[in-house]
Amino acid sequence: MTKNETRDNVYREPRRQLVDFAFDQAVAGVFPDMIRRSVPGYETVIPLSGLLAARYLQAGSKVYDLGCSLGATTLAVLDQIGASKCEIVAVDNSAAMLEQARETRSWDPRVSFTQSDVCDVEIDDASVVLMNYLLQFVDPDRRLQLLKNIRNGLRPDGALIFSEKLAGDAEFTAIHESFKRANGYTDLEVSQKRTALENVMLPDTLDTHLARLADAGFDDISVWFRCLNWVSFIARASA
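Quantities reported herein were computed from a predicted structural model and do not represent experimental measurements.

Draft legend 1. Geometry of the pattern of salt bridges. Following the criterion strictly, the structure yields 14 salt bridges and no others. Across the pair aspartate 124 and lysine 62 runs a salt bridge, and its minimum N-O distance is 3.5 Å. One end of the pair, aspartate 124, is in the loop between β3 (111-115) and β4 (126-132); the other, lysine 62, is in strand β1 (residues 61-66), and 62 residues separate them in sequence. With its nearest N and O atoms 3.1 Å apart, the salt bridge here joins aspartate 117 to arginine 142.

What follows is the structure, encoded as structure tokens:
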């Protein structure tokens, strides 16, 4: 845990009745610690997302950070792009997350925060769209259309950069739970959070992701990082 992080104890105490996981004030207040201790490779993926974004950024274009939470990916982009002229649109549907993000620091004037369902956002004049650990929380019936919206809003040679948890590998799932225990979560915390997420976080298989990206119009698709059942993609279209 870094100096300014608050320890994640959201599921430490036994709960008589568990409700579905939500990105509320309790989660927003501990989110940096929660995601770092829960997602293998997170501390590699976020800086590299910024590096990749800088590679594909086109002058005068927009960069979208969909599901921006507290703005970690946006910060990673800013760290890499110097004074490049662009607009960074950071979107999240959680008022608590955006409130925390705005209060944490003074943001670069190129960044604007928008509270919205990402499926309702018009993607326009984008050279880069980032979407880290978001799609798994989107209604499965809306995922293809979201990707089509992104594809249609990208400039030629633009890129979609995103990360997800994968479904369908029981061994990696078991190792992932061991990873969380090694990072200080108790069996009770792991169990209670798993139950809270089961109706909210609905991951896809690798094959499903690849097929859906192709259906959305992307024809240059690569996996650029994988750790256990967590994977990062870059998707581009030739025209």
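Next comes the rest of the description.
Draft legend 2. Structural detail: helix α7 (residues 187-197). Considered for burial, the residues of α7 that qualify are Glu189, Val190, Gln192, Lys193, Ala196 and Leu197. For α7, the elements touching its buried residues are α1 (25-38) and α6 (170-182).

Draft legend 3. Broad picture of the side chain of arginine 143. Among the structural elements, arginine 143 can be located in helix α5 (residues 143-153). Arginine 143 gets classed as buried once you look at its relative accessible area, which sits at 0%. At a separation of 3.1 Å, a polar atom in the side chain of arginine 143 contacts the main-chain carbonyl oxygen of glutamine 136. Leave out the neighbours within four places in its chain, and arginine 143 touches Leu135, Gln136, Phe137, Val138, Leu202, Asp204 and Arg212.

Draft legend 4. The pairing of β3, seen in detail. As judged from the 5 bridges shared by strand β2 (residues 86-92) and β3, these two strands associate in the parallel manner. Bridging across to β3, valine 89 finds its partner in serine 112. In this view, the connection linking β2 to its parallel neighbour β3 by way of helix α4 (residues 95-104) has right-handed handedness.

Draft legend 5. Spatial organisation of the packing of helix α2 (residues 42-56) against helix α3 (residues 72-81). Two elements in contact, α2 and α3, have axes whose closest approach is 7 Å; the angle formed by their N-to-C orientations is 50°. With respect to each other, α2 and α3 are oriented oblique. Considering how the two elements wind past one another, α2 and α3 form a crossing that is right-handed. On α3, the residues touching Tyr42, Ile46, Pro47, Ser49, Gly50, Leu51, Ala53 and Ala54 of α2 are Ala72, Thr73, Ala76, Val77, Gln80 and Ile81. Among the residues forming the contact of α2 with α3, the class breakdown is 10 nonpolar, 4 polar and no charged.

Reading the values: rules and limits
- Residues numbered from 1 in each chain as written.
- Predicted model: local features only at pLDDT ≥ 70, side-chain atom pairs only at ≥ 80, totals over all residues.
- Heavy atoms only, no water.
- Salt bridge = Lys/Arg side-chain N within 4 Å of Asp/Glu carboxyl O.
- Helix = DSSP H or I, 4+ residues; strand = E, 2+ residues; numbered from the N terminus.
- Buried < 20%, exposed > 50% of the residue type's maximum accessible area, 1.4 Å probe, protein only.
- Contact = heavy atoms within 4.5 Å.
- Polar contact = N/O pair within 3.5 Å; in protein donor to acceptor, adjacent residues only side chain to side chain.
- Pairing = 2+ DSSP bridges.
- Right-handed = clockwise from strand over helix to strand, strands pointing away.
- Axes fitted to C-alpha atoms, helices over the stretch in contact; angles between N-to-C directions.
- Parallel < 35°, antiparallel > 145°, perpendicular 65-115°, else oblique.
- Left-handed = near helix turned anticlockwise from the far one by under 90°.
- Nonpolar A, V, L, I, M, F, W, Y, C, P; charged D, E, K, R; others polar.

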